[in-house]
Amino acid sequence: MNYQDLIKKEILWLDDKELYDEDMGVLVKVVQESEVLEGLLLCSNHITLADGAFTSALAQNHTLRTLNLYNNKIGVEGAKCLAAALKVNSSLQQLHLGGNHIGDKGAQFLADSLVVNKGLSKIWLNRNRIGDNGAHRLANALACNYVPKQIALEENHISCDMKKTIKSIHTFMAKRKRETRRNEIVIARKDKEIRIKDEELASKSEELTSKSEQIASLEAAIRLLKQQQQQCNTRKEKRVVACLDTPDLVSEKAGDGNKRRRVSRSP
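Residues numbered from 1 in each chain as written. Predicted model: local features only at pLDDT ≥ 70, side-chain atom pairs only at ≥ 80, totals over all residues. Heavy atoms only, no water.

Visitor: Before we move on, could you go through the overall build of the protein chain and cite the residues and values that matter?
Guide: Of regular secondary structure, the protein chain possesses 8 helices and 6 strands. Counting from the amino terminus, the protein chain carries its helices and strands in the arrangement α-β-α-β-α-β-α-β-α-β-α-β-α-α. Relative to a compact globule of 267 residues, whose C-alpha radius of gyration would be 18 Å, the protein chain shows 45 Å and is clearly more extended. Overall size of the protein chain, expressed as C-alpha extent along the three principal axes, is 160 × 50 × 20 Å. With 267 residues in all, the protein chain has 34% of them scored as buried. Long-range contacts, defined as pairs at least 24 residues apart, comprise 85% of the intrachain contacts of the protein chain with a sequence gap of at least 6. A total accessible area of about 17,100 Å² is found for the protein chain, and carbon and sulfur atoms account for 53% of it. Put simply, the protein chain has 43 plus and 35 minus side-chain charges, and the middle of one group is 11 Å from the middle of the other. (Helix = DSSP H or I, 4+ residues; strand = E, 2+ residues; numbered from the N terminus. Rg over C-alpha atoms; globule rule 2.2 N^0.38 Å. Buried < 20%, exposed > 50% of the residue type's maximum accessible area, 1.4 Å probe, protein only. Contact = heavy atoms within 4.5 Å. Areas by Shrake-Rupley, 256 points an atom, 1.4 Å probe, with all protein chains shown as cover. Lys, Arg positive; Asp, Glu negative; His and termini not counted. Charge placed at Lys NZ, Arg CZ, Asp CG, Glu CD.)

See below:
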């Protein structure tokens, strides 16, 4: 496996490649460092996950959505390591673990992780030699975790009563998922209405601000006109006062004019 080729891929198809844990070094690095990997298919290999290398990388991954380990050799120890990773990883949504003989003990490890995990929506555990004890732990995990999950448990060693219990939990979870979806739709609609109202209020606020600015501008213009009118009135008053204050000068000028006319008429 070439690291440079694998690190660029969004989906890796590595089914039936006769892979063992010791062949996973490059893949572990890809899972740990890839920023685009969303699907990893490793069906029908010889992977156990017991050394913890792959699961440690999985715990640090933030892009992987689907992991298919169907028909490998994971067993109890591999399930334990995988469960530890699932307690940390929040991006994985679908996990295929059918045909891995994890038994009740492995199912209990996984159940403990499902109580904490908030990302997985479905996990396949068919053909894993799981009995009522493991199924009971898984059922409790389903009931404890708010995140809707579905667990496939076909072809195990589970009694009819336990199957009914799990089915009723699945029904309850499906109902809760529908209710959650309806609530999300209602909340989204209300958020949209609030956003529209906020936009309308913002628009009205802008209009009010604009009108306030216009009013302020008009008031400033009126003040300026009043000042100019007052200055004009003041000048007129000054001219009138000046005229009223100089009557003798006007009379003298008129008298001088009459004398000049009489002198000009004398022989």
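Visitor: Outline unusual backbone geometry, supporting the account with residue identities and numerical values.
Guide: The backbone of Ser-44 shows a phi angle near 55 degrees, a positive value even though the residue is not glycine. With respect to the secondary-structure elements, Ser-44 resides in the loop between strand S2 (39–41) and helix H3 (53–60). Owing to a relative accessible area of 22%, Ser-44 belongs among the partly exposed residues under this scheme.

Visitor: Residue-level account of the layout of surface pockets, with values.
Guide: Empty space within the largest pocket amounts to approximately 170 Å³. Lining the largest pocket are Gln-150, Ile-151, Ala-152, Leu-153, Glu-154, Ile-158, Lys-163, Ile-166, Lys-167 and His-170. Elements that contribute at least two residues to the lining of the largest pocket include exactly strand S6 (150–152) and helix H7 (160–244). The greatest single-element share of the lining of the largest pocket, amounting to 4 residues, is contributed by H7. (1 Å grid on protein atoms, 1.4 Å probe; cavity = no way out; pocket = protein on both sides within 12 Å on 5 of 7 lines; lining within 4 Å. Points joined across faces, edges and corners; volume = space filled by probe spheres on them.)

Visitor: Describe the nonpolar core, listing the residues and the values that go with them.
Guide: Where a protein is soluble and globular, its nonpolar side chains tend to be buried together. Judged by nonpolar contacts, the single largest core of 52 residues is most densely connected at Leu-40, Leu-42, Phe-54, Leu-67, Leu-95, Leu-97 and Leu-125. Sorting the residues of this core by element identifies helix H2 (25–33), H3, helix H4 (75–86), helix H5 (103–116), helix H6 (132–144) and H7 as the ones contributing at least two each. Aside from chain neighbours lying at most four places away, what touches Leu-95 is Leu-67, Leu-82, Leu-86, Leu-120, Lys-122, Ile-123 and Trp-124. (Core = buried A, V, L, I, M, F, W, Y, C linked by side-chain atoms within 4.5 Å.)

Visitor: If you had to explain a positive patch on the surface to someone new, which residues and values would you point to?
Guide: On the surface, a cluster of positive charge is made up of Arg-235, Lys-236, Lys-238 and Arg-239. With respect to the helices and strands, Arg-239 occurs in helix H7. (Patch = residues over 30% accessible without salt bridge, like charges linked within 9 Å, V, L, I, M, F, W, Y side chains within 5 Å. Salt bridge = Lys/Arg side-chain N within 4 Å of Asp/Glu carboxyl O.)

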